[in-house]
Amino acid sequence: MVSQSMGALSLGWFALCLGVAVAVDRGNFKTCEQSAFCKRQRAMKAGQSPYRALLDTLELSDSRVTLQLINDNNKVHLLLELYRLQGNMTRVKINELKPLKPRFEVPDVLIADPPTEPLSVVSRDENGVVLSLGDEARRLIVSAQPFRLDIVEGPQVLLSLNSRGLLAFEHLRPRKDTSTFGKAWDRIKCIFSSEDDNQPGLWEETFKSHTDSKPNGPTSISLDFSLPGVEHVYGIPEHADNLKLKSTDGGDPYRLYNLDVFQYELYNPMALYGAVPVLLSHNAQRTMGIFWFNAAETWVDISSNTAGKTVFGKMLDYVQGASETPQTDIRWISESGIIDVFIMLGPKPADVFTQYASLTGTQSFPPLSALAYHQCRWNYNDQEDVRAVNQGFDEHDIPCDFIWLDIEHTDGKRYFTWDPSKFPKPLEMLQDLTDKRRKMVAIVDPHIKVDSGYKIHSELRSKNLYVKNKDGADYEGWCWPGNAGYPDFIRPDTRAWWASMFAYDQYEGSTENLYTWNDMNEPSVFNGPEVTMHKDAVHGAWEHRDLHNLYGFYVQMATAEGLIQRSEGKERPFVLTRAFFAGSQRYGAVWTGDNAAEWDHLKISIPMCLNLNLVGISFCGADVGGFFKSPSTELLVRWYQAGAYQPFFRAHAHMDTPRREPWLFGPENTALIREAILQRYALLPYWYQLFYHAYLTGQPIMRPLWVEYPGDASTFAMDDQYLLGRDLLVHPVTEEGARGITAYLPGQGEVWYDVHTFQKHNGAQNLYIPVTISSIPVFQHGGSIIPKKLRIRRSSSCMENDPYTFIVALSPQRTAEGELYIDDGHTFSYRTEKKFIHRRLTFANNTLTSRSDFSTPSWIERVVILGAQKPNKVTLRMSSLDFEFDTAMSVLTLRKPGMNVGADWSILLQ
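Residues numbered from 1 in each chain as written. Predicted model: local features only at pLDDT ≥ 70, side-chain atom pairs only at ≥ 80, totals over all residues. Heavy atoms only, no water.

### Points about the overall build of the protein
- Tallying secondary structure elements over the protein gives 17 helices and 54 strands in all.
- In terms of overall dimensions, the protein is globule-like: its C-alpha atoms have a radius of gyration of 28 Å, near the 29 Å expected for 910 residues.
- Taking all 910 residues of the protein together, 63% fall into the buried category.
- A separation threshold of at least 6 residues defines the contact pool for the protein, and within that pool the share at least 24 residues apart is 72%.
- As displayed, the protein offers around 32900 Å² of accessible surface, 50% of which is attributable to carbon and sulfur atoms.
- Counting 91 positive and 108 negative side-chain charges, the protein places the averaged centre of each group 2 Å from the other. (Helix = DSSP H or I, 4+ residues; strand = E, 2+ residues; numbered from the N terminus. Rg over C-alpha atoms; globule rule 2.2 N^0.38 Å. Buried < 20%, exposed > 50% of the residue type's maximum accessible area, 1.4 Å probe, protein only. Contact = heavy atoms within 4.5 Å. Areas by Shrake-Rupley, 256 points an atom, 1.4 Å probe, with all protein chains shown as cover. Lys, Arg positive; Asp, Glu negative; His and termini not counted. Charge placed at Lys NZ, Arg CZ, Asp CG, Glu CD.)

Structure below.
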């Protein structure tokens, strides 16, 4: 149990949170130099590896190849397992051959055991083994001394493991000076390590006032990967940094360790709230991915032989005939667990997304309303405040789907409760929202107030479901309620119990239009080391250090399951989480945490969400306006304009900031914010289609340009603009006082249309665009058809049966194509009963065609064709249609053609 003397520290944290916002206190968080295992591993220098493959131990089965490795310095044997997986992937596992006790392997993240394909030995000699990876040209080469793996395709090396000799595997060992093993040590030390067992930080480590007891001693692992021909790598969120990952030479590695970082800084590799250990590499020939399947604290070093070279320097190399091939080297370092790596060989970006989705699943398909606008604040004061905000949206003609409640809505920070004086009638409040066809999200955090009169705590304690401290008592730490316990979500029975608490008869005052927000689930412990849980806390057989980055993943999993169960499996959940891991995409949305009302925070929201999308988490957004501090009206407007084109669209603010509802900044700014939100609602059919595709295929929603233009090197580091799906290009205005922006329109011979003016522009150009405060630069790709709804109402539910408009953007290069997906917007019937419409739209030979076999009340209100020629007449089933033609802009508009969206039809231009 955490001592009560730590309470003073938590009070200091409260004061900091409630006072003036300042920058992050870096002293609260470790650098690599202050992390014993990172410092120890990083002190290793590239060179000759002590590991050797024992080729005579090789065994080949239908599903894998195994062989032993030996560390010639300490004679410890490891077991290497190699798998060829379906879908052009390779899995590499390294564990101790005979560990003193099992080492942690990550459960529940993979959606199934990855199906394997046979490996075969092509050749072998005393120096190594060559294995076939199916394709005649693709081989996996195992070199014996030093141990090394190379994946090659023909003469080209795609990727190498341990080519720099940085494989390190700290084996479990008894401690020399313990009473249990002291006498035995002399007898067995020759079997174990010859390293200095008295190095600082091996068996105990202190950071500030916290001591980590490390009962299992040093257990860290490391492995290096070399990527010849690669200069651009991405992923490993969450960091407040650019899309392209930087070299870490001379600085700290990128850190993956879920932490509650107050007022995080930008453009550095510090850890933040979530951790997805997936890195993508890309060049004009190939995209690949590395999934480092480990949930312990992890550091990632990146180096490149072209890092730091200017464009002029690279040109000089070319002119002088320099033969050095670009190469990026990656080194992963984790504190515990085993080496378990999935290598996704692409070769196309879409292939890598498919490969990763086959391992960890796809983005959950949310209710349509979750894609609309969310209004949040810490905190709306009481039921009357909620009623006034709800009414304010109607009075100012601004659509809104969700109003959110933060921690102050509870009875003394007791989650699953309501403050009896401020929210005495939650059912009445929720009914008021239902009457407007709106919904609510209430926060439910995983720190539980220690209070014998609180049902949630009493049940957790009586059922023995809390995380334990190293001495076996319930682990307790300080968070918003004061002294709190932390449910052990790693246990299936804890998750099942937590899910049951969302039942309507358990969560009093809840209804079907109440959804959930999981915050502080890194987990945040105000008086813990680095504001999180002690690493020597215990989850059954495992230490917290082994699985720290999984905690938030499990909290969101259990919460989502609870929302599904309360509706008897009928309704789709919506759960927002702050902490996440690989696979979190299956359970809901994430956001970029407690940002600030600064222009740089607006800018960084784009690459942060792009990197999340690249690793499967498409449902991402940033707090519009910034959580800390107060935005200028210009910044607030620009943030609404940017947020309207990001997957998760929520305004949120700290309790110490002035109120920030959209109508509080004068009529002109209200109109600008309203217009941004209206644009979001008009595009909801397109957003919904994108989410359906993400759910089906794992393809990202918000995409760097190189995903669709993989051969265009000018897009590889671009992160101030992006694509939504394939067909909308967005370049938000993120500079204060901007009078113009330059957007890059990709695609030689392609065309793009300004969605506001319908002006046509050629691809493969940098286009300067004058902007005013009302400008949101967005372009539709020629050759696409995008569905919209132009009758905007107070919420998305009110628009359910409203008519559609199709925007057809013609291209000289290809047939215009698009889709329309429709279902009931909130249940699983699209999956369980196949109740949905999925229409394929094409415009070819002057004919717009749609085919499907399902019905809906919605009809088509308008078809707008960009880049058209004026027809003599337009017909639908032999009947003429009225049309308008704008000669100057080449825009053809067909009004009220009268077709049902679910019917088969075609429109002919003659």
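### Regarding the sheet that holds strand E53 (residues 891–895)
- One open sheet holds the eleven strands; their spatial order is E51-E50-E54-E48-E47-E46-E44-E45-E49-E53-E52, and the pairing between them is mixed. The open sheet is flanked by strand E51 (879–881) and strand E52 (883–886), the only strands paired with a single partner. Each adjacent strand pair in this sheet contributes to an overall mean axis angle of 20°, direction not counted.
- Pairing of strand E49 (residues 860–866) with E53 involves five bridges; the strand directions are antiparallel. From the neighbouring strand, valine 863 faces E53, where its bridge partner is leucine 894.
- Sheet strands in contact with helix H15 (residues 684–697) are strand E44 (784–788), strand E45 (804–809), strand E46 (816–822) and strand E47 (837–844), and its direction is about 85° off that of E46. (Pairing = 2+ DSSP bridges. Axes fitted to C-alpha atoms, helices over the stretch in contact; angles between N-to-C directions.)

### Some details on the side chain of threonine 248
- Along the polypeptide, threonine 248 turns up in the loop between strand E15 (232–235) and strand E16 (254–256).
- Beyond its immediate sequence surroundings of up to four residues, threonine 248 is in contact with Arg42, Pro253, Tyr254, Val300, Asp301 and Ile302.

### As for the sheet that holds strand E26 (residues 476–479)
- The strand order across the open sheet formed by three strands is E25-E27-E26, and the pairing between neighbours is antiparallel. Strands with a single pairing partner mark the edges of an open sheet, and in this sheet they are strand E25 (448–449) and E26.
- Pairing analysis gives two bridges linking E25 to strand E27 (residues 482–485), with the strands arranged antiparallel. Pairing of isoleucine 448 across the sheet is with glycine 485, part of E27.

### Focus on the packing of aromatic side chains
- According to the stated counting rule, one finds 52 aromatic pairs in the structure shown.
- Ring plane angle 55° and centroid distance 5.7 Å describe the contact between tyrosine 688 and tyrosine 821, whose orientation is recorded as tilted. Taken together, the residues span a long stretch of sequence, with tyrosine 688 in helix H15 and tyrosine 821 in strand E46 at a distance of 133 residues.
- According to the relative accessible area criterion, tyrosine 821 is buried, its value standing at 2%.
- On the basis of an interplanar angle of 45° and a centroid distance of 6.1 Å, the ring pair of tyrosine 692 and phenylalanine 836 is categorised as tilted. (Phe/Tyr/Trp six-rings, centres within 6.5 Å; stacked < 30°, edge-to-face > 60°.)

### A word on helix H14 (residues 667–682)
- For H14, built from 16 residues, the straight-helix expectation of 22 Å at 1.5 Å per residue is met to within 8% by its first-to-last C-alpha distance of 22 Å.
- Of all the residues in H14, the buried ones are Asn669, Thr670, Leu672, Ile673, Ala676, Ile677, Gln679, Arg680, Tyr681 and Ala682.
- Buried residues along H14 sit in contact with strand E22 (373–375), helix H13 (633–643), strand E35 (649–651), H15 and E44. (Expected span 1.5 Å × (residues − 1).)

### Concerning the side chain of arginine 566
- Residue placement: arginine 566 occurs in helix H11 (residues 551–566).
- One buried charged residue, arginine 566, remains without a salt bridge, the closest side chain of opposite sign being glutamate 512 at 7.3 Å.
- At 3.3 Å, the side chain of arginine 566 and the backbone oxygen of glutamate 512 are in polar contact.
- Aside from chain neighbours lying at most four places away, what touches arginine 566 is Phe502, Ala503, Tyr504, Thr511, Glu512, Leu514 and Tyr515. (Salt bridge = Lys/Arg side-chain N within 4 Å of Asp/Glu carboxyl O. Polar contact = N/O pair within 3.5 Å; in protein donor to acceptor, adjacent residues only side chain to side chain.)

### Observations concerning helix H12 (residues 599–614)
- Taking 1.5 Å of rise per residue, the 16 residues of H12 would be expected to cover 22 Å, and the 24 Å separating its terminal C-alpha atoms lies within 8% of that figure.
- Across the 16 residues of H12, 14 count as buried, placing the element largely inside the fold.
- Just downstream of H12 lies glycine 616, where phi reads positive at about 95°.

### Considerations on the packing of helix H9 (residues 492–500) against H11
- It is the contact of H9 with H11, at a shortest axis distance of 7 Å, that shows an interaxial angle of 45°. Of the possible angle classes, the one that applies to H9 and H11 is oblique. Note that H9 runs across H11; the crossing there is right-handed. Contacts between H9 and H11 involve Arg495, Trp498, Ala499 and Ser500 from the former and Tyr554, Val555, Met557, Ala558, Thr559, Glu561, Gly562 and Gln565 from the latter.
- Considered class by class, the residues forming the contact of H9 with H11 number six nonpolar, four polar and two charged. (Parallel < 35°, antiparallel > 145°, perpendicular 65-115°, else oblique. Left-handed = near helix turned anticlockwise from the far one by under 90°. Nonpolar A, V, L, I, M, F, W, Y, C, P; charged D, E, K, R; others polar.)

### So, unusual backbone geometry
- With an omega of 15°, the peptide bond running from glycine 346 to proline 347 counts as cis.
- Here proline 347 lies in the loop between strand E21 (339–344) and helix H5 (349–360).
- Note the cis peptide between glutamate 522 and proline 523, where omega equals 5°.
- Relative to the helices and strands, proline 523 resides in the loop between strand E28 (514–518) and strand E29 (538–539).
- Phi is positive for asparagine 88, which is not a glycine, with a value near 70°.
- Position of asparagine 88 relative to the elements: it lies in the loop between strand E3 (77–85) and strand E4 (89–96).
- Note on asparagine 88: relative accessible area 18%, which makes it buried.
- At lysine 896, a residue that is not glycine, the phi angle is positive and equals roughly 50°.

### A look at the UniProt feature "domain: Glycosyl hydrolase family 31 C-terminal" (unreviewed entry) in the protein
- Cross-referencing UniProt, the feature "domain: Glycosyl hydrolase family 31 C-terminal" (unreviewed entry) maps to residues 698–786 in the present numbering.
- Counting secondary structure, residues 698–786 comes out at 4% helix and 38% strand; the distance between its end C-alpha atoms is 21 Å. (UniProt positions renumbered as here; feature names shortened; annotations may be inferred.)

### Quick look at the confidence of the model for the protein
- Here the protein averages 93 in pLDDT, and 93% of its residues register 70 or above.
- The model gives residues 1–21 a pLDDT under 50, and that stretch makes 37 contacts with residues more than four places away or in other chains.
- For the stretch residues 179–194, pLDDT sits under 50, and the model shows 25 contacts to residues farther than four places along the chain or on other chains. (pLDDT = per-residue confidence, 0-100.)

### Observations regarding the nonpolar core
- In this structure, Phe291, Leu550, Phe574, Tyr640 and Leu724 are the most contacted members of the largest nonpolar core, which totals 175 residues.
- Not counting the four nearest positions on each side in its chain, phenylalanine 291 is found in contact with Leu110, Pro277, Val278, Asp340, Val341, Phe342, Met344, Tyr356, Leu359, Thr360 and Ala582. (Core = buried A, V, L, I, M, F, W, Y, C linked by side-chain atoms within 4.5 Å.)

### Digging into the pairing of E47
- Alignment of E46 against E47, held across seven bridges, turns out to be antiparallel. Counted as the bridge partner of leucine 820 is arginine 839 from E47.
- For E47 and strand E48 (residues 847–851), the ladder comprises five bridges, and the chain directions are antiparallel. Each residue of the ladder has a partner; that of leucine 841, found in E48, is serine 850.
- Count of turn residues in the E47/E48 antiparallel hairpin: two residues, of which asparagine 845 carries a positive phi of about 55°.

### Overview of the state of the cysteines
- Taken as a whole, this structure holds two disulfides when the rule is applied.
- With a sulfur-sulfur separation of 2.0 Å, cysteine 32 is cross-linked through a disulfide to cysteine 38. One quick way to see it: the torsion about the S-S bond of cysteine 32 and cysteine 38 is about -95°, and its sign makes the bridge left-handed. Both residues of the pair, cysteine 32 and cysteine 38, belong to the buried class.
- A disulfide bridge connects cysteine 609 with cysteine 620, and the sulfur atoms are separated by 2.1 Å. Residues cysteine 609 and cysteine 620 are joined by a disulfide whose S-S torsion is about -75°; by sign, that bridge is left-handed. Here cysteine 609 is found in helix H12, whereas its partner cysteine 620 is found in strand E33 (residues 620–621), with eleven residues between them in sequence. Here the two residues cysteine 609 and cysteine 620 agree in accessibility, since each one is buried.
- Indicated for the protein is the disulfide connectivity 1-2, 3-4, based on numbering the bonded cysteines in sequence order.
- Here cysteine 798 stays unpaired: no disulfide links it, and the sulfur of cysteine 400, its closest cysteine neighbor, is 12 Å away. (Disulfide = S-S within 2.5 Å.)

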